[in-house]
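# Remarks on the overall topology
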Amino acid sequence: MLGPAPAGDGVPRERLTAPYFCGDVPEMGRIAFDIEQPEGARIELATRTASDAGGTPGAWSRWSPPYAESPAMIASPREAWIQCRAVFHDAGPRRAVVRRLALGWPESIERVDMDALVPEPGEPLEVTVRFGEAMDACAPVMGELVLPGRDAKALTQGVWTSDMRSWRFEPVAVDCGEGVGEIVVGGARTPAGYPALHHGEVLVVGSGPLVDRLRELADWTMANPHNAIFVEGYNKRTLLGLYEITGEEGYIEDVRAWAQWLLEYQKPEGYWPTGYGDVYFADTGSALGLLINFYKFATADERKAIDTALERYAALLLVHGDSRGRPFVHEDGSLGVGYKAEKDGTITGDLNKPYTIATALTGAEIFGAMYYMTGNERYQEVAVRACDWLLDTMAPSGQIPYIIEDWNPGGKDKSWVWERWPYDTSAYAGEGFVAAWTYIDEPVFRKRLGERVKPHIEWLLRTQNDDGSWAKRGSGDQLRSHGVVNLLLWYHTEIERDPRIVTAIRQWYLLVLETPGYLRIPGEGIATSLAGRALVEIVKPGVDCYRWEE
């Protein structure tokens, strides 16, 4: 995979792919690519080919003219070897990026699966190449594994599955230290003799590169505190996860200070201002998730203060309710939005119709955690019914709608609930599911939740973008989409192991490692906060939500 070229002084920069052996093919196939080109910046892609000279390329052809469209037929002569060149033209600090590059017949390879989300040094790695059609049994898949600090390893031994749509390489030892390498696969052909895509992607060995990126995000969030409590709540949950991973005291000291501030920020009535205006119990749930996680490390006095704050919040939602005395926890399992309020938190009106995100983050997550902390069965009931309400709204496709009855831009037209922030909805609903499952250790509930959420997992896998992200590029939905990684990881580790999930999460974290500027991680508060929470969970699954007393 080609990333950005080194930053230059306006002089075009080149990067070349490694020469790749095609063999005796009837034609060279196609080139397909996905390029991000900020204003003024551009990339020119060209190819060249060479005959085989005893296992190495012979004389190379001229470079082809730059390719203007994707996909396009490869313009270079038919030969045994091929290479691609990218010429980067920067525009000041704006740099273009090649997100995806495929040579051959892109429709052949669907994906490359690995049995490990983050391969560890010294462990065997199993690689499976999956195709979109049956391939020729006489044309094995070839591969090359470039490990950090080591020479490339050829991958040659493997076996086709009976349907000829998957090739599984024999496990290979990852005998290297932590770092970033690469894996390239190709060589297969269709029964008609057309070559399969030459697929290359980055290989991260060990959690070190992920922890390095997490430190960068942590430094940025501590230097750029956010005014919204839900964003800072996620930021501090990331710091707390980093403390558990690294043991570095600076992280938990920062968390402790903010937890104290959050406790003091609560209003006597039991609610928290959001930091920007109207009071949303969705935002509150995100922030209180930090208090739940911090409880493990809290002193006796801090625990008492957290208990008091949570009970006051629960009393507001269940007993005191809105200005007319109506509980915010509804009979159908949903929760209301919150309050209309001034920026300083002064209440000016009620918002008490069903809201998907409040139901997930306070209904399922916080009440589920409070049941674990207190044993109060009323809290368990609220969390279970919140999960059921969320899943009852799910469409046959697996998508969960964004329902907020107090804010309906479509009037009687309800189609907007499916169009507005589908991945935001998934991220937050998933956070609620994970918390409720974790804190309510009841086999029947857990089994039912795992079964009912499966169509939603399938929807997430089916709709992931080719570059590893979710949602429309640059949208507010994408800023909030990164929490779907936590949901997928929980499903894979606790409900049903699925190699597609491993591949989906790997594609996401490679995007965060390779081209973080595209996602504004760091740089945009909401995106950075949720991406950090996802990364700590990848490094140490369960670190953001677990039963600390066991």
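In this report, the structure presented in the accompanying data block is examined. Fair warning: this is a prediction, and the values are worked out from it, not measured in the lab. (Residues numbered from 1 in each chain as written. Predicted model: local features only at pLDDT ≥ 70, side-chain atom pairs only at ≥ 80, totals over all residues. Heavy atoms only, no water.)

## Structural notes on the overall build of the protein
When helices and strands are tallied, the protein shows 15 helices and 21 strands. Since a compact globule built from 550 residues should have a radius of gyration of about 24 Å, the 26 Å found for the protein is in line with a globular shape. Reported as C-alpha extents along the three principal axes, the dimensions of the protein are approximately 80 × 55 × 50 Å. In the protein, which comprises 550 residues, the proportion classed as buried is 58%. Pairs at least 24 residues apart make up 71% of the contacts formed inside the protein by residues separated by at least 6 positions. In the form shown here, the protein has an accessible surface area of approximately 22100 Å², with 49% of it arising from carbon and sulfur atoms. Here the protein carries 55 positive and 79 negative side-chain charges, and the mean point of each set is 3 Å from the other. (Helix = DSSP H or I, 4+ residues; strand = E, 2+ residues; numbered from the N terminus. Rg over C-alpha atoms; globule rule 2.2 N^0.38 Å. Buried < 20%, exposed > 50% of the residue type's maximum accessible area, 1.4 Å probe, protein only. Contact = heavy atoms within 4.5 Å. Areas by Shrake-Rupley, 256 points an atom, 1.4 Å probe, with all protein chains shown as cover. Lys, Arg positive; Asp, Glu negative; His and termini not counted. Charge placed at Lys NZ, Arg CZ, Asp CG, Glu CD.)

## Description of the pairing of strand E8 (residues 97-104)
Across the eight residues that make up E8, a large majority, seven, are buried. Two elements, strand E3 (residues 30-36) and E8, share seven bridges in a ladder whose sense is antiparallel. Residue pairing in the sheet places glutamate 36 in a bridge with valine 97 of E8. (Pairing = 2+ DSSP bridges.)

## Focus on the nonpolar core
One finds Trp508, Tyr509 and Ile538 to be the most contacted residues of the largest nonpolar core, which totals 134 residues. Val129, Trp167, Val172 and Ala196 belong to the second largest nonpolar core, which has 26 residues in total. (Core = buried A, V, L, I, M, F, W, Y, C linked by side-chain atoms within 4.5 Å.)

## Remarks on the packing of helix H5 (residues 300-320) against helix H7 (residues 377-392)
For the pair H5 and H7, the least separation of the axes is 13 Å and the interaxial angle reads 60°. Here the hand of the crossing between H5 and H7 comes out left-handed. Contact with H5, carried on its side by Glu311, Ala314 and Leu318, involves Arg378, Tyr379 and Val382 of H7 and no other residues of that element. (Axes fitted to C-alpha atoms, helices over the stretch in contact; angles between N-to-C directions. Left-handed = near helix turned anticlockwise from the far one by under 90°.)

## With respect to helix H10 (residues 443-462)
For H10, with 20 residues, the first-to-last C-alpha span of 29 Å sits near the 28 Å given by 1.5 Å per residue. At lysine 454, H10 shows its maximal bend, which comes to roughly 40°, and the proline proline 455 appears one to four places after that position. When H10 is considered as a whole, its buried residues turn out to be Phe445, Arg446, Leu449, Gly450, Val453, His456, Ile457, Trp459, Leu460 and Leu461. Considering only its buried residues, H10 is in contact with H7, helix H9 (422-439), helix H12 (484-495) and helix H13 (499-514). (Expected span 1.5 Å × (residues − 1). Bend = angle between axes of the 7 residues up to and from the residue.)

## A short note on the sheet that holds strand E18 (residues 199-205)
On the basis of which strands lie adjacent, the open sheet formed by four strands has the order E13-E12-E17-E18 and antiparallel pairing. Only two strands of the sheet have a single neighbouring strand rather than two, namely strand E13 (153-155) and E18. For this sheet, the mean angle separating the axes of adjacent strands, direction not counted, is 20°. The pairing of strand E12 (residues 142-146) with strand E17 (residues 179-186) spans five bridges and is classified as antiparallel. Along E17, the bridge assignment pairs glycine 143 with valine 185.

## Some details on the packing of aromatic side chains
All chains considered together, the criterion is met by 25 aromatic pairs. For the pair phenylalanine 281 and tyrosine 313, a centre-to-centre distance of 6.0 Å together with 70° between the ring planes defines the contact as edge-to-face. Here tyrosine 313 lies in helix H5 and phenylalanine 281 lies in helix H4 (residues 281-294), a separation of 32 residues in the sequence. Tyrosine 313 gets classed as buried once you look at its relative accessible area, which sits at 1%. Ring centres of tyrosine 372 and tryptophan 548 lie 5.0 Å apart, and the angle between their planes is 90°; this geometry places the pair in the edge-to-face category. A residue pair is termed long-range when its members are at least 10 positions apart, and tyrosine 372 in helix H6 (residues 356-374) and tryptophan 548 in the segment after helix H15 (525-539) qualify at 176 residues. Each of the two residues, tyrosine 372 as well as tryptophan 548, counts as buried. Here the aromatic cluster, defined as three or more aromatic residues joined through ring pairs, consists of Tyr271, Trp272, Phe281, Tyr313, Phe328 and Tyr339. (Phe/Tyr/Trp six-rings, centres within 6.5 Å; stacked < 30°, edge-to-face > 60°.)

## Things to note about the pattern of salt bridges
Once their charged atoms are close, side chains differing in charge can pair, the charge on each being opposite to the other. Enumeration according to the criterion identifies 36 salt bridges in this entry. Residues glutamate 201 and arginine 506 are paired through a salt bridge, measuring 2.6 Å at the closest nitrogen-oxygen approach. Pair noted here: glutamate 201 is in strand E18 and arginine 506 is in helix H13, with a separation of 305 residues, a long-range link. By relative accessible area, which is 1% here, arginine 506 ends up buried. Residues participating in the shared-partner salt-bridge network are Arg237, Glu365, Glu431, Arg533 and Asp544. (Salt bridge = Lys/Arg side-chain N within 4 Å of Asp/Glu carboxyl O.)

## Focus on unusual backbone geometry
Omega for the peptide link from serine 70 to proline 71 comes to -5°, which places this bond in the cis form. Of note, proline 71 is situated in the loop between strand E5 (57-60) and strand E6 (72-73). The step from isoleucine 521 to proline 522 runs through a cis peptide bond, and the omega angle for that step is -5°. Its place among the elements puts proline 522 in the loop between helix H14 (516-519) and H15. The phi torsion at methionine 164 lies on the positive side, around 60°, for a residue other than glycine. As for its placement among the helices and strands, methionine 164 is situated in the loop between strand E14 (158-160) and strand E15 (166-169). Of the residues examined, methionine 164 reaches a relative accessible area of 16% and is grouped as buried. In this structure, alanine 471 is a non-glycine residue whose phi angle is positive, near 80°. Mapped onto the elements, alanine 471 comes out in the loop between H10 and helix H11 (476-479).

## Some points on the sheet that holds strand E20 (residues 336-341)
Judged by pairing direction, the sheet is antiparallel, and its three strands sit side by side in the order E19-E20-E21 without closing on themselves. With partners counted over all chains shown, the strands left at the sheet margins are strand E19 (279-280) and strand E21 (347-354), one partner each. Where E20 lies against E21, five bridges are found, and the strand directions are antiparallel. For glycine 336, the partnering residue across the bridge sits in E21 and is proline 354.

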